[in-house]
Each structure stands twice: as structure tokens, then as C-alpha cells.
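So the chains spell out like this:
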Amino acid sequence: MKPVMINVDDLGLSAAVNEAVLRLAQIGRIQATSFMSMGTIASDEVAELKKQNIDIGLHFDLTGFTALGSLKQILIKSYLHAWSKRIIQDAINRQLDAFEDKIGCEPIFIDGHQHIHQFPQIRSVMLKTLLQRYGNKIAVRSTKSPQHDIKAKLIYALGGYQLDNSLKQANITHNHAFAGIYNFNADIKTLQTKWEQWFTCASEQGLLIMCHPAVPSKSWNDEIKNARECEWQWLQSEAFIQYWQQHHCQAMNWHNIRQKNICHIQ
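Residues numbered from 1 in each chain as written. Predicted model: local features only at pLDDT ≥ 70, side-chain atom pairs only at ≥ 80, totals over all residues. Heavy atoms only, no water.

(A) Summary view of the environment of Leu 130. With respect to the secondary-structure elements, Leu 130 resides in helix α5 (residues 122-134). For Leu 130, the contacting residues outside a window of four places in its chain are Leu 96, Ile 110, Gly 135, Ile 138 and Val 140. (Helix = DSSP H or I, 4+ residues; strand = E, 2+ residues; numbered from the N terminus. Contact = heavy atoms within 4.5 Å.)

(B) Spotlight on the environment of Tyr 243. In this fold, Tyr 243 is placed in helix α10 (residues 238-246). For the pair Tyr 243 and Phe 60, spaced 183 residues apart in sequence, the C-alpha separation works out to 31 Å. Once you skip the residues sitting within four places of it in the chain, Tyr 243 turns out to touch Gln 192, Glu 196, Phe 199 and Trp 234.

(C) Local environment of the packing of aromatic side chains. All chains considered together, the criterion is met by 12 aromatic pairs. Centroid distance Phe 240 to Trp 244: 6.4 Å. Interplanar angle 35°. Geometry classified as tilted. Here Phe 240 and its partner Trp 244 are both found in helix α10, 4 residues apart, which amounts to about one turn of the helix. With respect to class, Phe 240 is no different from Trp 244; both count as buried. In this structure, Lys 77 is placed above the aromatic ring of Trp 83, and the distance from its NZ or CZ to the ring centre is 4.3 Å. (Phe/Tyr/Trp six-rings, centres within 6.5 Å; stacked < 30°, edge-to-face > 60°. Buried < 20%, exposed > 50% of the residue type's maximum accessible area, 1.4 Å probe, protein only. Lys NZ or Arg CZ within 6 Å of the ring centre and 35° of its normal.)

(D) Seen up close, the pattern of salt bridges. Considering all chains together, one arrives at 10 salt bridges under this definition. Put simply, Lys 225 and Glu 229 hold a salt bridge, and the shortest N to O gap is 2.5 Å. Taken together, the residues span about one helical turn, with Lys 225 and Glu 229 both in helix α9 (residues 225-235) at a distance of 4 residues. A single burial state applies to Lys 225 and to Glu 229, both of which are buried. Connected through shared salt-bridge partners, Asp 9, Asp 111 and Arg 141 make up one network. (Salt bridge = Lys/Arg side-chain N within 4 Å of Asp/Glu carboxyl O.)

(E) Spatial organisation of the pairing of strand β7 (residues 207-211). Extensive coverage of β7 is indicated by the burial of 5 of its 5 residues. Burial along β7 is two-sided: the residues Leu 207, Ile 209 and Cys 211 and Leu 208 and Met 210 are all buried. In the sheet, strand β1 (residues 2-11) pairs with β7 via 5 bridges, with the strands oriented parallel. From the neighbouring strand, Asn 7 faces β7, where its bridge partner is Met 210. Of the pairings in the sheet, the one linking strand β6 (residues 178-179) to β7 comprises 2 bridges and is parallel in character. Bridge pairing in β7 places Phe 178 opposite Leu 208. Assessed by its sense of winding, the connection that carries the chain from β6 through helix α8 (residues 188-201) to β7 is right-handed. (Pairing = 2+ DSSP bridges. Right-handed = clockwise from strand over helix to strand, strands pointing away.)

(F) Molecular detail of the side chain of Glu 231. Secondary-structure assignment places Glu 231 in helix α9. One buried charged residue, Glu 231, remains without a salt bridge, the closest side chain of opposite sign being Arg 228 at 7.2 Å. Side-chain polar atoms of Glu 231 contact the side chain of Tyr 182, separated by 2.5 Å. Those residues in contact with Glu 231 that lie beyond four places of it in its chain are Tyr 182, Phe 184, Leu 191, Cys 211, His 212 and Pro 213. (Lys, Arg positive; Asp, Glu negative; His and termini not counted. Polar contact = N/O pair within 3.5 Å; in protein donor to acceptor, adjacent residues only side chain to side chain.)

(G) Fine view of helix α6 (residues 150-157). When we look at burial in α6, the residues that qualify are Ala 152, Ile 155 and Tyr 156. Projected onto a plane normal to the axis of α6, the buried residues spread over an arc of 95° and lie on a single side. Summarising the geometry of α6, the exposed residues directed more than 90 degrees from the buried face are Ile 150 and Ala 157. In the core, the buried residues of α6 are packed alongside α7 (160-169). Phi for Gly 159, located one or two positions after α6, is positive at around 105°. (Arc of directions from axis to C-beta.)

Set out below in C-alpha cells:
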């Protein structure tokens, strides 16, 4: 069996995203979701996700609800080490506080909107803050990917290797491999091919696959809305389940990863 965790990013971004997360959780298609804690979620939605045993983590954000610049501006400032550490620390603490207030517990894990959590300077302040607040209890997403495309390699090159080293040194739980990366320009047939590739590259060490579904809606829009709705159609399809079964996938969560890490250390 291949342990696989499917994580929906951007919970809290819109009602359409929240509904997709809830409905996919109820039919057993996902195991985790990343919450943009400055966004909106209802208490009954939180209760339902907990009822379905969905791992909820913080989707650390500096370009969306907490807009400190565009992705390009955030990246350049990070590589120039031009951030005030207090600004980053305040942002992460504010988002962690909001998470605990809205979800009612500590995050099980943390990752980054547009992968900003691994950028230089940001990652060091983030990890220091997490260790101060929680010790090493909070898992962190690694972007190390078995995908061979340029986008996957570029994402990991933007601080992923350094983040992984820091996580190992601090004994912080993190996923072995990461997939779900594409250019958000795909129809159902193309998505099917990509998911088959991702399932194929999963191993017994586990794979985390990110996705960004939203139910069809005319009440909101963003730059990848079409891709979100296409992903929703794919993830709730029977073809998805057939691929899952054909590739001998087994649902995995962060507790499973933590236990694997403990066994490995011992």
C-alpha cells in the first residue's frame, strides 16, 4: 500500500472553497486542509471537519488576506534579507492566534500560501516562533517533490532544501514527498493524467498531494477559479476513486507521518 495524504489548500478563502472541503471530507476524498486564518469559517464547518477527522493546519499567508506585497516582492525582500523580523513574527503570531480562536485548537501542521513559509528569513522566524509557542509539536510541509517538471524543481529551489535541513535539526515532523504542482491550466482529462503520475510516484514512505478545489459559484472569483472548479469535478468523480484503488493508495494523516518519524529515529 502507498500512504497518501490529500490536502486542500486555501480553506477560509471563500464559501465555495469551504463547501468543497466539507463535501470532499464527507465522502472520504481528503485527509487534511490548510486554513487561511484571517479568512472566514463557520463554527459548524469546523465541527464537521473535526467529525470527519480532517487534519487542519495553518496556511501561512503574506500575499492574500495578510498582504505585505506581491509574491515577487515577498520573494525579493526575503532573498535580500530586508524584512524586519518583528513584522514576520507579528504576522505569524496573529495568524496562529486567529487559527486557535476560530478552530478551537492548535494547528496540526503549517504550510505556506504560495510556499512563502520556506523563503529565506521567513522560514527561520516562522520556525523560531513555532518552537517558542509549541515546541516541536507542529508539523511543517516540505516541498521536496518526486515530480520532474520545472515548476516543481523551482518551488523546491526557493528555500525547500534549507527548510528540510532546519526541520531535521529541530526534529520537526514533515512529509517525505510532495506533489500536486501544475500550472492550473488543465481540463479533466489532463488532470486525470497528472493525478495518475502523482499516484505512480508515491512510495511506502508516503506522499502529500496538495489541491485547490472549489464548488462552482458565481458569487466570487480569483485568478485560478476555473482550475479550482475543475479540480472539484475531478476529486468527487468515480474515476478518481478508481485511480486511487488501482494504485493501491492508503489514506495517511500527520499522525501517521509523526509515527513513521519516531520509528525512523528509534
